[in-house]
Every structure is written in structure tokens, then in C-alpha cells.
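In case you want the letters, here they are:
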Amino acid sequence: MERSILIHFDNATGEVRVEAEGFEGLSCLSATQPFEEALGVVNESDRIFKDESAPQLRTTQSSQTRLRQ
């Protein structure tokens, strides 16, 4: 599958969103990080993970992460 980084601009609100397609696991994070930093859109609490990242997301006994989809 082809891998792509998509950058979405909302002209009405000025919101910028970076999206990764075709990546396996959490490799999308290292691919999108330079774009997010350059555009100033790094906000960990707003990050949304797709189903492809599920195999690498882990829950431990001491902490749990809830992802919005």
C-alpha cells in the first residue's frame, strides 16, 4: 500500500490537520512529526489514531489510554 501524508487546511477556521495513510502501527507518528512541528499543530490530546495503529497501542496495569475515533 502507498503511504501518504495529507495536510488539511480549513479556510473558515484556520485549523490545520495532518493525516497519515498507509502506515502500519505507530510508524505514522515519526512520519507526521516533522510536518506537525513545522506547522505548529502538535497537540497530543487532540491526536486521533486510526484502526491501523491498534496492534501497537498498549494498555498497562498502571495506566490506560482512551482514544477518540
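Residues numbered from 1 in each chain as written. Predicted model: local features only at pLDDT ≥ 70, side-chain atom pairs only at ≥ 80, totals over all residues. Heavy atoms only, no water.

## Description of the overall build of the chain
Applied cut-off: Runs of E in the DSSP output that reach at least two residues are strands. Runs of H or I that reach at least four are helices, and both are numbered from the N terminus. Each residue is assigned to one of three classes by its accessible area relative to the maximum for its type, calculated with a 1.4 Å probe on protein chains only: buried under 20%, partly exposed between the two thresholds, exposed over 50%. Whether two residues are in contact is decided by their heavy atoms, any of which lying within 4.5 Å being enough. Residue burial considers only the protein chains on display, and all accessible areas are found by Shrake-Rupley using a 1.4 Å probe.
Across its full length, the chain carries one helix and two strands. When the elements of the chain are put in sequence order from the N terminus, they spell out β-β-α. Within the chain, buried positions represent 19% of all 69 residues. Here the analysis covers contacts within the chain between residues at least 6 apart in sequence; of these, 25% occur between residues at least 24 apart. Element-wise, carbon and sulfur atoms account for 46% of the exposed surface of the chain, whose accessible area totals about 5,700 Å².

## Remarks on the environment of methionine 1
Here methionine 1 shows up in the segment before strand E1 (4-9). Taking C-alpha positions, methionine 1 is 8.4 Å from phenylalanine 23, a pair spaced 22 residues apart along the chain.

## A look at the side chain of arginine 47
Applied cut-off: Polar contacts, as counted here, are pairs of nitrogen or oxygen atoms within 3.5 Å of one another; within protein the pair requires one atom able to donate a hydrogen and one able to accept it, and residues that are adjacent in sequence qualify only if both atoms are side-chain atoms.
As for its position among the elements, arginine 47 is in the segment after helix H1 (27-39). A distance of 3.1 Å separates the side chain of arginine 47 from the side chain of glutamate 36, its partner in a polar contact. Sequence-distant contacts of arginine 47, that is, excluding residues within four places in its chain, are made with Leu29, Thr32 and Glu36.

## A closer look at the environment of glutamate 15
Along the polypeptide, glutamate 15 turns up in the loop between E1 and strand E2 (16-21). Among the residues examined, glutamate 15 registers a relative accessible area of 49% and is labelled partly exposed. Through-space distance from the C-alpha of glutamate 15 to that of valine 41 is 8.7 Å; in sequence the pair is 26 residues apart. The residues touching glutamate 15, leaving out its near neighbours within four places in the chain, are His8, Phe9 and Asp10.

## Here's the deal with the environment of glutamate 36
Within the fold, glutamate 36 resides in helix H1. Relative accessible area serves as the criterion here: at 9%, glutamate 36 is assigned to the buried category.

## Here's the deal with the pattern of salt bridges
Any two side chains of opposite charge can pair, so long as their charged atoms come close to each other. Condition: The term salt bridge refers to a pairing of a side-chain nitrogen on Lys or Arg with a carboxyl oxygen on Asp or Glu at a separation within 4 Å.
Within this structure, the stated rule accounts for three salt bridges. Ionic pairing is found between glutamate 19 and lysine 50, a salt bridge with its closest N-O pair at 2.8 Å. Of this pair, glutamate 19 sits in strand E2 while lysine 50 sits in the segment after H1; the two residues are 31 residues apart in sequence, bridging distant segments of the chain. Looking at glutamate 19, the relative accessible area reads 15%, which means it is buried. On the basis of relative accessibility, which here comes to 31%, the residue lysine 50 falls in the partly exposed class. For glutamate 36, the salt bridge identified is with arginine 47, shortest N-O distance 3.1 Å. Pair noted here: glutamate 36 is in helix H1 and arginine 47 is in the segment after H1, with a separation of eleven residues, a long-range link. Per residue, the accessibility class of glutamate 36 equals that of arginine 47, and both read buried. Among the charged side chains, a network of salt bridges with common partners joins Arg17, Glu19 and Lys50.

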